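# Fold and contact review
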Amino acid sequence: MRALVINLEAALERRIFQERQLSILGIAHERMPAFDKNADETADTPYWETWERPLTRAERACLLSHQQAWQVVASQGDPILILEDDAILSDQLPALLDSLATATDMDFVTLETRGRKKLLSRRAARYPKLRRLYQDRSGAAAYVLWPNGARKLLAATETTCGLADAVICACYSLDAYQAVPPLAFQSDRATAEQVDAPLETISSISPVNGARTKGNWRHRLRRIRAQLRMGLRQLQVFGRAERTRLSVERQDFGYLGQLTPISSTTTPSVHGDVLP
């Protein structure tokens, strides 16, 4: 199974890291140029006012980048691994990808953990390393997507927008699964996962001062509706699902010691990143 790595032109240090990481793991890949936050497509339009709050231009660019990847998957006949360029991967991932390469009975498998509880099936799924994923809250750095799942996500964002991971998490029509234990995390979680990662990054999505505009009454109503949908989802799977916090297996990331550390100051970083 091949991988698409979403990467900004300016983020050379992240690109170098992914090339080295994926080479060691033996995963064929290609770079997918990410949208820059200053691209014309991120300019203000009614479309960008359709989520639960106004999106920043960096957040809009992130969604556009994932939509671009979804379009590639939708046009293919096989599943594809989609990675953001700060994803840290387990050495167990290649084996799972091999087992999923010919699977046709699922839409989406998330590989990562963000440290938040997920609503998972109480029992293992058809594949021993997977559990059915009924509800997630965040994370779009590492996932396997099938053409049917890509079409569902494209349909979900045809007239309404959202954070890329929020769109995925809210698309309950996806036949979605979670890798257990998780096989990936974003580099900003290296300390929390107790893994020595050779890549240091600063998010180009999160605002420097942590402040975001909450928007108007329409945005507030959408947030209330989203909360109600999440509650209803939990009721629908009551008795066959449980909320679970997942962590990676540290020993599965030992190979990272072979990689030369790459810091966010090695090269000019992603647009929006804050350098010392």
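I will try to describe carefully the structure that is included in this document.

Here is what the cut-offs are and how they apply
- Residues numbered from 1 in each chain as written.
- Predicted model: local features only at pLDDT ≥ 70, side-chain atom pairs only at ≥ 80, totals over all residues.
- Heavy atoms only, no water.
- Buried < 20%, exposed > 50% of the residue type's maximum accessible area, 1.4 Å probe, protein only.
- Helix = DSSP H or I, 4+ residues; strand = E, 2+ residues; numbered from the N terminus.
- Pairing = 2+ DSSP bridges.
- Expected span 1.5 Å × (residues − 1).
- Arc of directions from axis to C-beta.
- Contact = heavy atoms within 4.5 Å.
- Polar contact = N/O pair within 3.5 Å; in protein donor to acceptor, adjacent residues only side chain to side chain.

## Regarding the pairing of strand β8 (residues 142–145)
Here β8 shows a buried face lined by Ala 142 and Val 144 and a second buried face lined by Tyr 143 and Leu 145. Bridging between strand β3 (residues 80–84) and β8 involves 4 bridges; their strand directions are antiparallel. Among the inter-strand pairings, Leu 81 is bridged to a residue of β8, identified as Val 144. Note: strand β5 (residues 108–110) against β8, 3 bridges, orientation antiparallel. Each residue of the ladder has a partner; that of Thr 110, found in β8, is Tyr 143.

## Describing the pairing of strand β7 (residues 130–135)
Among the 6 residues in β7, 6 count as buried, and that is most of the element. Strand direction decides the pairing type here: strand β6 (residues 118–124) and β7, joined by 3 bridges, are antiparallel. Looking at the pairing, Leu 120 lines up with Leu 133 of β7. In sequence, β6 turns back onto β7 through a hairpin of 5 residues. Sheet topology places β7 next to strand β9 (residues 176–179); 3 bridges connect them, and they run antiparallel. Counterpart to Arg 132 in the pairing with β9 is Tyr 177.

## Quick look at helix α6 (residues 217–236)
Across its 20 residues, α6 extends 29 Å between first and last C-alpha, which sits within 8% of the 28 Å expected from 1.5 Å per residue. Buried within α6 we find His 219, Arg 222, Ala 226, Met 230 and Arg 233. Taken down its axis, α6 places every buried residue within 80° of arc, on the same side. Pointing more than 90 degrees away from the buried face of α6 are the exposed residues Arg 225, Leu 228 and Leu 235. Lining the buried residues of α6 we find β7. Capping the start of α6, Asn 216 holds a side-chain oxygen 2.9 Å from the backbone nitrogen of Arg 218, two or three residues further along.

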